[in-house]
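Residue-level structural notes
Now for the letters of each chain:
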Amino acid sequence: MNDETRDHRLLLATMRSYLEQLREEGLEGLPSRGDARSESDGDKTAGLSAILATSHKSETTGDSRPSEAKSPVVLARGLFSANPGLAEVSDLAALRAYIGDCQRCKLSPSRTNIVFGIGDPKAQLMFIGEGPGADEDLKGEPFVGRAGQLLTDIIERGMGIRRSEVYIANVVKCRPPGNRNPEGDEVASCEPFLFRQIELLGPKAIVGLGTFAVQALLRVKTPISKLRGVWHDFHGIKLMPTFHPAYLLRNPGDKRLVWSDIQEVMKFLGLAKPRRGEVR
């Protein structure tokens, strides 16, 4: 590789990182990696909330919170019609077996492993991210790369509990190529399994990690910077949006905001303040 090519790649990588940062902070209208499309592609990669609204609409109030707090059980039942027997799955192990070697969407040919989720099946607290990355795809476990190490610090150093005491999952269970955002049809294929997962867990609280995951759960387009730090209702379960750990790796100064969000979660769950203090 000559110097000119190397410089061009470095410039592109820098620009991509900067655009991702702006998007995470709430600047709308920026395309994601791999989102460029022709008119013939139609609305395959349209805004997530618009796509989800076509499958099961939910009216929202002015503050972007669902105005009708249906339980996850009720909402999930409406998503099970394409998956006979899913409503009868009795536990997480059975749900994983039901998913099997999933070929239900176009993510399956490029994945290495399905990343189902991990943690305590009776956890009071659940973390939900957008989708697996390269490290997660190889290991078959969510949040095991650098962002995962930071999430572990948030849980263990910040909250003072073991990572194994919470449950961690993603909106989609297969890695999107090039770590692009999941597309609407991919989310639609995986969503029934996420809802059943939540239903079987029955957590007291969910922490939504990053723009995509929170917008997918709440069915809104509101930037994460405007959603974070405030409790939202996820069909009867309290949901706290916060920044994704990958965003914090690029913007360590915002760890204080995430720490503030996590303290609200700890307060709600009745967790004692950890001796080690703020995550660093």
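Please refer to the structure placed before this passage.
Cut-offs applied
Residues numbered from 1 in each chain as written. Predicted model: local features only at pLDDT ≥ 70, side-chain atom pairs only at ≥ 80, totals over all residues. Heavy atoms only, no water. Salt bridge = Lys/Arg side-chain N within 4 Å of Asp/Glu carboxyl O. Buried < 20%, exposed > 50% of the residue type's maximum accessible area, 1.4 Å probe, protein only. Helix = DSSP H or I, 4+ residues; strand = E, 2+ residues; numbered from the N terminus. Disulfide = S-S within 2.5 Å. Contact = heavy atoms within 4.5 Å. Pairing = 2+ DSSP bridges. Axes fitted to C-alpha atoms, helices over the stretch in contact; angles between N-to-C directions. Parallel < 35°, antiparallel > 145°, perpendicular 65-115°, else oblique. Left-handed = near helix turned anticlockwise from the far one by under 90°.

In this section: the pattern of salt bridges. Tallied over the full model, the rule gives 13 salt bridges. For E186, the salt bridge is made with R180, and the minimal N-O distance between the two is 2.7 Å. When sorted by exposure, E186 lands in the same class as R180, which is buried. Across the pair D261 and R228 runs a salt bridge, and its minimum N-O distance is 2.6 Å. One end of the pair, D261, is in helix 11 (residues 255–269); the other, R228, is in the loop between helix 9 (224–227) and strand 5 (232–234), and 33 residues separate them in sequence. Across this residue pair, the class does not change: D261 and R228 are buried. Connected through salt bridges with shared partners, the residues K106, R180, E183, D185 and E186 form a single ionic network.

Summed over all chains, the structure comprises 0 disulfides. Unpaired in this structure, C174 has its nearest cysteine sulfur neighbour in C105, at a distance of 6.0 Å. A relative accessible area of 9% places C174 in the buried class. We note that C190 lacks a disulfide partner, and the nearest cysteine sulfur, in C174, lies 6.5 Å from it.

What follows deals with the side chain of E141. One can find E141 in the loop between helix 5 (134–139) and helix 6 (146–158). Excluding anything up to four places from it in sequence, E141 contacts V115, I118, E136 and R163.

In this section: the sheet that holds strand 6 (residues 237–242). Read across the sheet, 6 strands follow the order 1-3-2-4-6-5 without closing on themselves; strand pairing throughout is mixed. Here the strands that pair on one side only, and so sit at the sheet edges, are strand 1 (118–119) and strand 5. Bridge count for strand 5 against strand 6 is 3 bridges, and the pairing is antiparallel. Note that in strand 6 the partner of H232 across the bridge is L239. Where helix 11 meets the sheet, it contacts strand 2 (125–129), strand 4 (205–209) and strand 6, and its direction lies at approximately 165° from that of strand 6.

Moving on to the packing of helix 4 (residues 92–99) against helix 7 (residues 184–201). Relative to each other, helix 4 and helix 7 sit at 165°, their axes nearing to 10 Å. With respect to helix 7, the axis of helix 4 lies roughly antiparallel. The crossing of helix 4 and helix 7 is right-handed. On the side of helix 4, the interface is formed by L92, L95, Y98 and I99, while helix 7 contributes F193, R196, Q197, L200 and L201.

On to the pairing of strand 2. Counted residue by residue, strand 2 has 5 buried out of 5 residues, so it is predominantly covered. Two strands pair when backbone bridges link them, and strand 2 and strand 4 are joined in this way by 4 bridges, in the parallel orientation. Bridge pairing in strand 4 links F127 to V207. Bridging between strand 2 and strand 3 (residues 167–170) involves 4 bridges; their strand directions are parallel. Residue pairing in the sheet places I128 in a bridge with A169 of strand 3.

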